[in-house]
Amino acid sequence: MSNKEREMISLTIDGIATQVAEGITILQAAKLLEIKIPTLCYHPLLKPFGACRTCVVEVKKGAGCEVVTACNTPCQEGMVVTTDTPGLLAARRLLLELMLARWPNVPVLRELAAEMGLKRVRFTSPVRDERTDACILCLRCVRICEEVVGACAIGYEDRGILRRVVT
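Quick caveat: nothing in here was measured; it's all calculated off a predicted structure. (Residues numbered from 1 in each chain as written. Predicted model: local features only at pLDDT ≥ 70, side-chain atom pairs only at ≥ 80, totals over all residues. Heavy atoms only, no water.)

I'm lost on helix H2 (residues 86-102) in this one. Help?
An α-helix turns once every 3.6 residues. As a result, residues three or four positions apart point the same way. For H2, spanning 17 residues, the distance from its first C-alpha to its last is 25 Å, which sits close to the expected 24 Å at 1.5 Å a residue. All of the buried residues in H2 are Leu88, Arg92, Leu96, Glu97, Met99, Leu100, Ala101 and Arg102. Elements in contact with the buried residues of H2: strand E3 (56-61), strand E4 (64-69), strand E5 (80-82) and helix H3 (107-115). (Helix = DSSP H or I, 4+ residues; strand = E, 2+ residues; numbered from the N terminus. Expected span 1.5 Å × (residues − 1). Buried < 20%, exposed > 50% of the residue type's maximum accessible area, 1.4 Å probe, protein only. Contact = heavy atoms within 4.5 Å.)

Quick look at the structure:
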């Protein structure tokens, strides 16, 4: 079914009521409204992945809310989304601090830190890469190789600080 044939659903993002095609993600809907949500692992040519967690948003659930990743959470009818609360900003800053502890000189991380008002990093990492071109393990290269090129020539192994991209 094409986007024009998809059913439209109503939701609210940051107090803005909108309608979007069923099946699009919160991140895509926010972009349509020109609401910026930070991302590192997202790429429009790739399937949603949710690895970096920098795109976290709050979705109202009953009396409370649930924190979800905007890049891989589909919009639902009546959904109420908030993209910029103090708690979300704190969570994003924490994630970014942990990344900067490991990759302090990577431009995309430094730019995002500046946008979020992050001035210093409180943590140290047992694994640290000072290069400006260091791999930050967003895994977009692996996913492009598999999903776009169809080669599956690279992948990743291990978890946590041991994770690395391999052939």
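Would you explain the sheet that holds strand E2 (residues 16-21) in this entry?
Neighbouring strands of a sheet are bound in pairs by backbone hydrogen bonds; such pairs are parallel or else antiparallel. Read from one edge of the open sheet, five strands run E2-E1-E5-E3-E4, paired in mixed fashion. Among the strands making up the open sheet, the edge pair consists of E2 and E4. Averaged over all pairs of adjacent strands, the angle between their axes in this sheet comes to 35°, without regard to strand direction. Sitting on the sheet, H2 is in contact with E3, E4 and E5, with an inclination near 145° to E3. (Pairing = 2+ DSSP bridges. Axes fitted to C-alpha atoms, helices over the stretch in contact; angles between N-to-C directions.)

Help me understand the nonpolar core, please; the structure alone is not making it clear to me.
A general feature of soluble globular proteins is that nonpolar side chains tend to end up buried together. Ile26, Cys75 and Val81 are the most contacted members of the largest nonpolar core, which has 22 residues in total. Here this core takes four residues from helix H1 (residues 26-32), the largest share from any one element. The contact partners of Val81, leaving out residues within four places of it in the chain, are Leu11, Thr12, Ile13, Asp14, Ile26, Val57, Glu58 and Val59. Formed by 17 residues, the second largest nonpolar core is a distinct cluster that contains Trp103, Leu112, Ala113 and Leu137. (Core = buried A, V, L, I, M, F, W, Y, C linked by side-chain atoms within 4.5 Å.)

Help me understand the packing of H2 against H3 in this model?
The contact between H2 and H3 brings their axes to 10 Å, and the two run at 145°. Remark: the crossing between H2 and H3 carries left-handed chirality. Residues Leu96, Met99 and Leu100 of H2 form the contact with H3, whose participating residues are Leu109, Arg110, Leu112 and Ala113. (Left-handed = near helix turned anticlockwise from the far one by under 90°.)

Would you mind showing me how to read the side chain of Arg143 here?
The residue Arg143 is located in helix H4 (residues 140-149) in this model. For the buried Arg143, which has no salt bridge, the nearest side chain bearing the opposite charge is Glu147, at an N-O separation of 4.1 Å. At a separation of 2.8 Å, a polar atom in the side chain of Arg143 contacts the main-chain carbonyl oxygen of Lys47. (Lys, Arg positive; Asp, Glu negative; His and termini not counted. Salt bridge = Lys/Arg side-chain N within 4 Å of Asp/Glu carboxyl O. Polar contact = N/O pair within 3.5 Å; in protein donor to acceptor, adjacent residues only side chain to side chain.)

Quick question: what am I supposed to make of the pairing of E2 here?
The side chains of a regular strand alternate between the sheet's two faces. Examined bridge by bridge, strand E1 (residues 8-13) and E2 share six bridges and lie antiparallel to one another. Bridge pairing in E2 places Ile13 opposite Ile16. Counting the residues between successive antiparallel strands, the hairpin from E1 to E2 contains two residues, one of them, Asp14, with a positive phi of roughly 50°.

Mind showing me how you'd approach unusual backbone geometry here?
Backbone phi values are negative for most residues with the exception of glycine, while trans is the configuration of most peptide bonds. Phi is positive for Glu34, close to 60°, though the residue is something other than glycine. On the basis of relative accessibility, which here comes to 76%, the residue Glu34 falls in the exposed class. Unusually for a residue other than glycine, Asp158 sits at a positive phi of about 70°. Among the structural elements, Asp158 can be located in the loop between strand E6 (155-157) and strand E7 (164-166). Relative accessible area serves as the criterion here: at 44%, Asp158 is assigned to the partly exposed category.

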